[in-house]
Every structure is written in C-alpha cells, then in structure tokens.
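# Close look at the chain arrangement
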Amino acid sequence: MIAQETDCGNGLDDDNDGYIDCGDSDCYDETTCESAFSCTNTLYQVISATLFK
Ligand SMILES: [Ca+2]
Ligand SMILES: [Ca+2]
C-alpha cells in the first residue's frame, strides 16, 4: 500500500481509502490532528474541551 493521506487538512480523501484527513490512520500522528481523532470516543471530549476555552 503506497497510497496515503498526503494532506491531512485539505478535506479530501487523498488516497481514496474512504477516510478523510484526520479520519485516516495516516494522519493520526499529524500535528494538525494531534490525538483528537485517534479515537472516536475522545473526539467529542476534545471538541467539548475546545468549546469551553
Ligand atoms: Ca484517506
Ligand atoms: Ca486529505
């Protein structure tokens, strides 16, 4: 598998694997995604925390 997300913040599925940007495992270690999208359970927690700020 050579294809992978080349831009984790362009809103597009660069490698056409069905996962876009931070939703793609290729972007889990990207700074733009940090750990917020590594797990759907923590996704909403992080969003809520951000809204509180
Ligand atoms: Ca993808
Ligand atoms: Ca992308």
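These figures come from a predicted structure and were not determined experimentally.

Okay, the state of the cysteines next. This structure, assessed with the given rule, holds one disulfide. A disulfide bridge connects Cys8 with Cys27, and the sulfur atoms are separated by 2.0 Å. Given an S-S torsion of about -85 degrees, the disulfide between Cys8 and Cys27 has left-handed geometry. Here Cys8, found in the segment before α1 (40-52), pairs with Cys27, found in the segment before α1; they are 19 residues apart in sequence, far enough to count as distant.

This part is about the environment of Ala3. Tracing the chain through its elements places Ala3 in the segment before α1. With a relative accessible area of 46%, Ala3 lands in the partly exposed category. Every residue in contact with Ala3, bar those within four places of it in the chain, is listed here: Asp15 and Asp26.

A few words on the side chain of Asp24. You can see Asp24 is positioned in the segment before α1. Classification of Asp24 by relative accessible area gives buried; the value is 0%. Among all residues touching Asp24, those that are not within four sequence positions of it are Glu5, Asp13, Asp15, Asp17 and Tyr19.

Conventions adopted
Residues numbered from 1 in each chain as written. Chains lettered and ligands numbered in written order. Predicted model: local features only at pLDDT ≥ 70, side-chain atom pairs only at ≥ 80, totals over all residues. Heavy atoms only, no water. Disulfide = S-S within 2.5 Å. Helix = DSSP H or I, 4+ residues; strand = E, 2+ residues; numbered from the N terminus. Buried < 20%, exposed > 50% of the residue type's maximum accessible area, 1.4 Å probe, protein only. Contact = heavy atoms within 4.5 Å.

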